[in-house]
Number of protein chains: 2
Amino acid sequence: MKWDAWGDPARAKPLSEDIKGLLAAALGVTGDDASQLTADQVVLRPSALPDEDLKALAAIVGPSQVSTADADRLPRAGGKSTPDLLRRKSREPQDAPDAVVLPAGEEEVAAVLALCAERRIAVVPFGGGTSVVGGVDPIRAGFTAVISLDLRRFDRLHTLDEVSGEAVLGAGLTGPQAEELLAARGYELGHYPQSFRYATIGGFAATRSSGQDSAGYGRFDEMVRGLRVVTPVGTLDLGRAPASAAGPDLRELFLGSEGVFGVITAVRLRVHPLPAVRAYEAWSFPDFATGAAALRAVEQQGTGPTVMRLSDETETAVNLAMTDKIGGAQVTGGCLAVTVFEGTAEQVAARHELTRVALLAAGGTSLGEEPARAWEHGRFDAPYLRDSLLAAGALCETLETATGWAQLEELKTAVTQTLTAALQESGSASLVMCHISHVYPTGASLYFTVVAAQQGDPIEQWAVVKRAVCDTIVANGGTITHHHAIGADHRPWMDQEIGELGVRILRAVKDTVDPAGILNPGKLIP
Amino acid sequence: MKWDAWGDPARAKPLSEDIKGLLAAALGVTGDDASQLTADQVVLRPSALPDEDLKALAAIVGPSQVSTADADRLPRAGGKSTPDLLRRKSREPQDAPDAVVLPAGEEEVAAVLALCAERRIAVVPFGGGTSVVGGVDPIRAGFTAVISLDLRRFDRLHTLDEVSGEAVLGAGLTGPQAEELLAARGYELGHYPQSFRYATIGGFAATRSSGQDSAGYGRFDEMVRGLRVVTPVGTLDLGRAPASAAGPDLRELFLGSEGVFGVITAVRLRVHPLPAVRAYEAWSFPDFATGAAALRAVEQQGTGPTVMRLSDETETAVNLAMTDKIGGAQVTGGCLAVTVFEGTAEQVAARHELTRVALLAAGGTSLGEEPARAWEHGRFDAPYLRDSLLAAGALCETLETATGWAQLEELKTAVTQTLTAALQESGSASLVMCHISHVYPTGASLYFTVVAAQQGDPIEQWAVVKRAVCDTIVANGGTITHHHAIGADHRPWMDQEIGELGVRILRAVKDTVDPAGILNPGKLIP
C-alpha cells in the first residue's frame, strides 16, 4: 500500500481524456498533476518513545519486530480518507506513530498491552490501514508515546469446519489472503468491500465492514460467529453457538469497537462453498425512486441476488459504476442497476428468474450482462482514480449513511442539497453522485461520491462541508455511518447517534476493559 | 393465565388412555390426579411494602393501578417452569411480589424506577409471566420490598410503516394481541414460540425468544430494528437504521437483558405482509443423524422453509410432535420432520420444490401434509399436557441448547446420557426426547423433553438433574440456553458461557444504568 495514495502503484489510474473533459466542463478543474512528494522528502516528527520502552517492547516481540524507522512509521501514519491523503502532501513535520510493533500470538499482544498500560503508551491496533474516518490516526492524547500495533503476523487459517461451514481466521489476514486460504479448501467468505485488497479480517470486524456481496452473504458482522479479543485486563472468547439466549450478545460490543476495547486476534466466520455458477444482469430504471422501489421489492420478497446496486441519475450519466467508462458515452439513461447471482446452477437460475420477474414488474429494462460485468471488473479501482483527481486539483471524497426505505428519498435529497450548497459556499461547483449498494428488508444504504474543485486549503474546505453534511444526516434520521465506521472523524456525532446514555455505557465498558485508556485514544467514544 | 398451571383452564388436557398406558409401561407412573390447591388455599407472605411507599406508587400510577391484594400478587409470584409449578402446590407460605404496579407511559415507568431506587425497592419487570428459568422470581435481595412492574398497559401498535416493513409495538402486547393489530392492516410479525398466547413483545426482546417460524422469519432478536428502554438513569432510543457501523450495537446489550438493565417499553420490528399461501409437508428419515444432515443441507442452501423441525427416534416413537396423538399408534418409524412454507403462491411453490429436492436427496421419505398439519394444530398445547403429567405424579420438564452442526450429535448424546443417568440415580426410569426446532447455516438448537417418575421431593430431584445437565452442556461446548434465557436458574453457568471478563462487562453496564441495583435482582448476572 502506497504511503500517500491508494494501493499498488502499478494499478494507478491516470485521468482519461473523457474524465479530464468532464472535470473541465462541470467543475472548471483543468489542473495538471501537481508535483508529488517522495517518501524521503516527508519529515516525520521524531519518535517520542523512550529507549527503555523500546527495549522492553523488543524483549516481548523480538528486536526484529519493533521499529522506529521512518520507513515503517510513515505507512502507518494514518488512513486513506481524502483529508488523510491531502495531509500526507505537507512539507511540514507530519504525525506518525512513535514505533511499529508486530506481535505474534495473543500472549505477546497481552504483554505489549500490559507494558503500555504501565508506561502510559497509547496503542493503535493496525490492520490494512484503509480507514477513511481517521480510525488509525496516531493520537497521543496525553500519553508518553503512541505505537502502531500491526496485526499482520496473525495470518493463519486456524480451522475450517466444513460441516458447520465455519472458519477461524487470523485477524491480520487481508481479504485476498483469507480468500486464497479458503479457496484452496473449496470455500469462500464472500466479503468484498472496496478496501478488499488491503483491509484485514480484524479490521472488518472492528469497523462493521460491509461488502459488495452483502445482499447474498450479509454484512461482515452478520458473518461473525465468534471473536477472540485481547484486552488490557484479559482475553475474551465470545460466541459459543450459532444463536443463544444467554443474555446480551457481547460479540456485538466488540464488533465495531474500532480498537478501543481490545485487540481482535481471531474471528470465527460463516463460510460457504465456492459458487459453481455466477450470472450477471444490468438494468435501467427511469428514475431513482422507481429503481429504489424495485430493489426494495426484490429484497423484501427475498429472491436472493448476491449483489444488487442502483446508481442515481448523476452517477449513471457519468458511468461512475463502470470505472473504465467514466465520462465517456453514456451507457444508459435513467438509473443503472447491477445484479449478480451466485450458487449452484439451480440456485442461480431460480434466484435470477425470480429477481428478473420482480425487476420487470417494477419498471426495469434489462441491459443484459455487459454493464454488470464492467462494474465487477472495475469494482476495486475507484480509489485509484481519486488519487489522480486530487493531483489534478479536484476535491473528491465519499460518504455514506443508511435509513428505512420510506425515508430514503428524503435523506438522499437533503444530503445532496447540503453537499451542493456547502461546496458552492466554498467557491466550487460540484458533482454529487449517489448509489444504493446495501439493501435490507427494512431499508438501504446511500453512498455518495462528491467531486468539486479544490478551493483555498482543501482540507479545511472539506472539513466545513463534512460537518454540514453530518449534521444533515443525523437531523434527517440517517445513521452517521453505514459501513465506514466512526474513527476520529464521526466521533462528534456519536452523542446524537446513540444518545448521551449510550455514550456513557460505552465509556463504562471502556473503563472496565481498558482502565488505563491506552487503546486507540480519540476514536469512537466522544 | 392460571396461577398454578399453564394457560387457560378451558384448554386443560387430561391424560389420554394412550398416555396413561405409556406412563405406566415406561416409567411405572400410575398416580391419579393429585388433589389441587385452590387459589384461596394458598398462603402468601404478607406484603412487606411500607404504606408510605404504596401511597407514593399510587401517586405515580393512580390508586387503581397498584395493588397488594393476594389475587394480584399470586399470578405474578413466578414463572412456569416445572419447579415453579411444583412450588405453587405448597401449603407453606409462598413468596410473591409485595405489590403489583401497572404504569402507563414511559414517564410513569421512569418515576416508579426513581422512587424505587430512592426507597430501596426491587423491581421485577413483568410481561406474560411465562419464564421457565425463574426470570420473574420476586427476589428481594436485601431490598425493602419487591414489586412486580406489569407492562400490560403498553398495549399499542404505535406505527406501521408499510414501505419499510416496520412496526413499533408496545412492550406489553401479547403475541396474539400484536398479531391481531398487525393482521388488521394486512401484516404479520411471524413470531410463534410455544409461549405465544401469553408472552409479550417486551418479554420476547428481553429474553431473546425464538419462535417456531424462525427458519423463515428469524429469531425475535433478528426482527428487532429499534428499542426504547427506560433505565433508572435515563431513557434510550436505540437503532437508527437497518444497519450501521456506528460502533458497538447497543441494541444487542438490551436484547437478552432480562429486565436487569432497564424496562423495554416499545420495540420497532420488521414485519411482512400476511402470507397468501401456506404449504405443509412432513418427512421421515431413517435416523436422527440422517435427518439432521438433511436439515443442514436445506438451511445451508437457503431454500427457504418457514418452519423446519426434526424429532429424534424417541420423540417420533411417542408422536410427541403431534399433541393429540401422543402415545397412540406410531405415525412413522425413524425420525419425523415437519416443513411449512409461507409467502406468495410463487414463493411457496419455489421454496417447497427446492426443499423437497434437497430432503429427498438427503434420504427423506415424504409423509404428505397431514402430520405437518397435526403438528401445527397442537403446537401451543404441550404445556397443558405437562400440568396433567405433574398432577399424575410424573416429572416433566424441557431444556434446550444449541451448537454447530459438526458438534450436534455429540452434544445430544452427552445430554441424553446425563439426563438418563441422573434420573436413574434419583430412582426413576426416564423418557428423554429431543428435537431440532431452530436451524442456522452453521448449527442448530436441541430441545429436550424429559418425562420421569417423581421421587421424593420432585423439586430437589429435578434440581440435581438440572445441575448435572447444565454442566454437561457447557462442558460439551453448547450454549447454556438457545431461547429460554438465563433468569435465576441458569445464572450459575454464565461465567462459563461468557467468561469472567464477560461477566465483569455486564456488571459495568449494570452499574451504569442501574446504580442502585433495583432492577430484577438475582437474575442473569452472577
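Since the model is a prediction, treat every value here as computed from it, not as a measurement. (Residues numbered from 1 in each chain as written. Chains lettered and ligands numbered in written order. Predicted model: local features only at pLDDT ≥ 70, side-chain atom pairs only at ≥ 80, totals over all residues. Heavy atoms only, no water.)

A. A look at the overall build of chain A. The helix and strand inventory of chain A stands at 18 helices and 19 strands. Over its C-alpha atoms chain A spans a radius of gyration of 23 Å, differing by no more than 12% from the 24 Å that the globule rule assigns to 526 residues. Each principal axis of the C-alpha distribution contributes one length, and for chain A these read about 65 × 55 × 45 Å. For chain A, the residues scored as buried account for 61% of the 526 residues in total. A separation threshold of at least 6 residues defines the contact pool for chain A, and within that pool the share at least 24 residues apart is 76%. As presented, chain A carries roughly 17,700 Å² of accessible surface, and 51% of it is formed by carbon and sulfur atoms. (Helix = DSSP H or I, 4+ residues; strand = E, 2+ residues; numbered from the N terminus. Rg over C-alpha atoms; globule rule 2.2 N^0.38 Å. Buried < 20%, exposed > 50% of the residue type's maximum accessible area, 1.4 Å probe, protein only. Contact = heavy atoms within 4.5 Å. Areas by Shrake-Rupley, 256 points an atom, 1.4 Å probe, with all protein chains shown as cover.)

B. Inspection of the pattern of salt bridges at higher detail. One pass over the full model with this rule turns up 60 salt bridges over all chains. A salt bridge links Lys 20 of chain B to Glu 17 of chain B, with the shortest nitrogen-to-oxygen separation between them at 3.9 Å. Here Lys 20 of chain B and its partner Glu 17 of chain B are both found in helix α1 (residues 17–27), three residues apart, which amounts to about one turn of the helix. Under the relative-accessibility criterion, Lys 20 of chain B is labelled partly exposed at 39%. Within this structure, Arg 208, Arg 219, Asp 221 and Glu 252 of chain A form a network of salt bridges that share partners. (Salt bridge = Lys/Arg side-chain N within 4 Å of Asp/Glu carboxyl O.)

C. Representation of the packing of aromatic side chains within the structure. Applying the stated criterion to the full structure yields 10 aromatic pairs over all chains. Ring geometry for Phe 196 of chain B versus Phe 380 of chain B: centroids 5.4 Å apart, planes at 25 degrees, classification stacked. Residue Phe 196 of chain B is located in the loop between β7 (187–188) and α7 (201–207), and its partner Phe 380 of chain B is located in the loop between α14 (370–377) and α15 (382–391); the two are separated by 184 residues in the primary sequence. In terms of burial, Phe 196 of chain B and Phe 380 of chain B fall into one category: buried. Ring plane angle 55 degrees and centroid distance 5.3 Å describe the contact between Phe 204 of chain B and Phe 220 of chain B, whose orientation is recorded as tilted. In this pair, Phe 204 of chain B is assigned in helix α7 and Phe 220 of chain B in helix α9 (residues 220–223), connecting sequence segments 16 residues apart. By relative accessible area, Phe 204 of chain B is classed as buried at 3%. For Phe 220 of chain B, a relative accessible area of 0% gives the class buried. One aromatic cluster is present, formed by Tyr 192, Phe 196 and Phe 380 of chain A through successive ring pairs. Geometry around Phe 288 of chain A places Lys 412 of chain A over its ring, the cationic atom sitting 4.6 Å from the centre. Sitting over the face of the ring of Phe 126 of chain B, Arg 76 of chain B holds its NZ or CZ atom 6.0 Å from the ring centroid. (Phe/Tyr/Trp six-rings, centres within 6.5 Å; stacked < 30°, edge-to-face > 60°. Lys NZ or Arg CZ within 6 Å of the ring centre and 35° of its normal.)

D. Spotlight on the UniProt feature "site: Important for enzyme activity" (unreviewed entry) in chain A. Residue and element names in this part refer to chain A. Mapped onto the present numbering, the UniProt feature "site: Important for enzyme activity" (unreviewed entry) falls at Arg 309. Assignment of secondary structure puts Arg 309 in strand β13 (residues 307–311). Setting aside anything within four residues of it in sequence, one finds Arg 309 in contact with Gln 212, Leu 295, Leu 336, Ala 337, Val 338, Trp 375, His 435, Ile 436 and Ser 437. (UniProt positions renumbered as here; feature names shortened; annotations may be inferred.)

E. Up close: the domain arrangement of chain A. Residues and elements named next belong to chain A. Assigned domains of chain A: these are domain 1 (163–273), domain 2 (277–378) and domain 3 (381–484). In this structure, domain 1 and domain 3 have C-alpha centres spaced 28 Å apart. Listed as interface residues are 12 residues of domain 1 and, on the opposing side, 11 residues of domain 3. For the pair domain 1 and domain 3, the summed buried surface comes to about 770 Å²; carbon and sulfur atoms form 40% of the total. (Domains from an automatic or database assignment. Buried area = accessible area lost by both parts, 1.4 Å probe.)

F. Representation of the sheet that holds strand β6 (residues 166–170) of chain A. Residue and element names in this part refer to chain A. With antiparallel pairing, the five strands of this open sheet are ordered in space as β5-β6-β10-β8-β9. The open sheet has two edge strands with one neighbour each: β5 (157–161) and β9 (234–238). Looking at each pair of strands side by side, their axes are set apart by 10 degrees on average, direction ignored. Sheet analysis places strand β8 (residues 224–231) next to β9, joined by five bridges and oriented antiparallel. Its bridge partner lying in β9, Thr 231 is registered against Gly 234. (Pairing = 2+ DSSP bridges. Axes fitted to C-alpha atoms, helices over the stretch in contact; angles between N-to-C directions.)

G. Structural context of the relation of the copies chain B and chain A. You can overlay chain B on chain A at an RMSD of 0.0 Å; the transform is a turn of 180 degrees with a shift of 0.0 Å along its axis. The relationship between the two copies is best expressed as a two-fold rotation axis. Here 100% of the interface residues in chain B have copies in chain A that are interface residues too; the copies meet face to matching face. (Least-squares fit on C-alpha atoms with pLDDT ≥ 70 in both.)

H. How the structure looks around the sheet that holds strand β1 (residues 66–67) of chain B. Residue and element names in this part refer to chain B. Taken together, the four strands give an open sheet; going across it, the order is β1-β2-β4-β3, and neighbouring strands pair in mixed fashion. Both outer strands of the open sheet, β1 and β3 (121–126), are each paired with one neighbouring strand and no more. Where strand β2 (residues 99–101) lies against strand β4 (residues 145–150), three bridges are found, and the strand directions are parallel. Each bridged residue has a counterpart across the sheet, and for Ala 99 the counterpart in β4 is Ile 147.

I. Region of interest: unusual backbone geometry. The phi dihedral of Arg 208 of chain A falls on the positive side, at around 55 degrees, and the residue is not glycine. Within the secondary structure, Arg 208 of chain A sits in the loop between α7 (201–207) and α8 (214–217). Assessed through its relative accessible area of 3%, Arg 208 of chain A is described here as buried. With phi around 50 degrees, Glu 258 of chain B is a residue other than glycine that occupies positive phi space. With respect to the helices and strands, the residue Glu 258 of chain B is situated in the loop between α10 (251–254) and β10 (263–270).

J. Region of interest: helix α1 (residues 17–27) of chain A. Residue and element names in this part refer to chain A. Among the residues of α1, Ile 19, Leu 23 and Leu 27 are the ones counted as buried. Down the axis of α1, the buried side of the element spans an arc of 40 degrees, and every buried residue falls inside it. α1 presents Glu 17 and Ala 25 as exposed residues on the side facing more than 90 degrees away from its buried surface. Just beyond α1, the residue with positive phi is Gly 28, at close to 70 degrees. (Arc of directions from axis to C-beta.)

K. Inspection of the pairing of β5 of chain A at higher detail. Residues and elements named next belong to chain A. Sheet topology note: the β5/β6 ladder contains four bridges and is antiparallel. Bridging across to β6, Leu 160 finds its partner in Ala 167. From the end of β5 to the start of β6, which pair antiparallel, there are four residues, and Gly 165 there has a positive phi angle of about 70 degrees.

L. Fine view of the UniProt feature "binding site: substrate" (unreviewed entry) in chain A. UniProt's feature table lists "binding site: substrate" (unreviewed entry) at Arg 386 of chain A, given in the numbering used throughout. If sequence neighbours within four positions are ignored, Arg 386 of chain A has contacts with Lys 80, Ser 81, Thr 82, Leu 85, Cys 396 and Glu 397 of chain A.

M. Here's a closer look at the packing of helix α11 (residues 288–301) of chain A against helix α13 (residues 345–361) of chain A. Residues and elements named next belong to chain A. Two elements in contact, α11 and α13, have axes separated by 8 Å at closest approach and are oriented at 145 degrees. The hand of the α11/α13 crossing is right-handed. From α11, Ala 294, Val 298 and Gln 301 reach across to α13, where they touch Thr 355, Ala 358 and Leu 359. Looking at the contact of α11 with α13, its residues break down into four nonpolar, two polar and no charged. (Left-handed = near helix turned anticlockwise from the far one by under 90°. Nonpolar A, V, L, I, M, F, W, Y, C, P; charged D, E, K, R; others polar.)

N. Structural view of the interface of chain B and chain A. In this assembly, 79 residues from chain B lie in contact with 79 residues from chain A. Counting the surface chain B buries against chain A, the share from its top three residues, Arg 240, Pro 248 and Thr 442 of chain B, is 14%. Applying the counting criterion to the chain B and chain A interface returns two salt bridges. Taking the shortest distance from any N to any O, the salt bridge between Arg 240 of chain B and Glu 497 of chain A comes out at 3.7 Å. Taken together, the links from chain B to chain A amount to 37 residue pairs in polar contact (both at pLDDT 80 or more). Sorting elements by how many residues they give to the side of chain B that touches chain A places helix α18 (residues 494–513) of chain B first, with 13 residues. Considering only residue class, the side of chain B that touches chain A consists of 35 nonpolar, 29 polar and 15 charged. (Polar contact = N/O pair within 3.5 Å; in protein donor to acceptor, adjacent residues only side chain to side chain.)

O. Broad picture of the nonpolar core. By size, the foremost hydrophobic cluster in this structure holds 98 residues, and its most contacted members are Ile 201 and Phe 220 of chain A together with Ile 201 and Phe 220 of chain B. Residues in contact with Phe 220 of chain A, not counting those within four places in the same chain, are Leu 189, His 191, Ile 201, Phe 204, Ala 205, Ser 209, Val 267 and Leu 269 of chain A. (Core = buried A, V, L, I, M, F, W, Y, C linked by side-chain atoms within 4.5 Å.)

P. Spotlight on the side chain of Arg 225 of chain B. Along the polypeptide, Arg 225 of chain B turns up in strand β8 (residues 224–231). Buried and unpaired, Arg 225 of chain B has Glu 166 of chain B as its nearest opposite-charge partner, separated by 4.6 Å. Here Thr 442 of chain A takes part through its side chain, which lies 3.0 Å from a polar atom of the side chain of Arg 225 of chain B. With sequence-adjacent residues up to four places away left out, Arg 225 of chain B is seen in contact with Thr 442 of chain A together with Glu 166, Leu 238, Gly 239, Pro 242, Arg 251, Arg 268, Leu 269 and Arg 270 of chain B. (Lys, Arg positive; Asp, Glu negative; His and termini not counted.)

Q. Representation of the environment of Gly 404 of chain A in the model. All names here are of chain A. For Gly 404, the position within the fold is in strand β16 (residues 394–404). Note on Gly 404: relative accessible area 7%, which makes it buried. Distance in space between the C-alpha atoms of Gly 404 and Ile 486 is 20 Å, their sequence separation being 82 residues.

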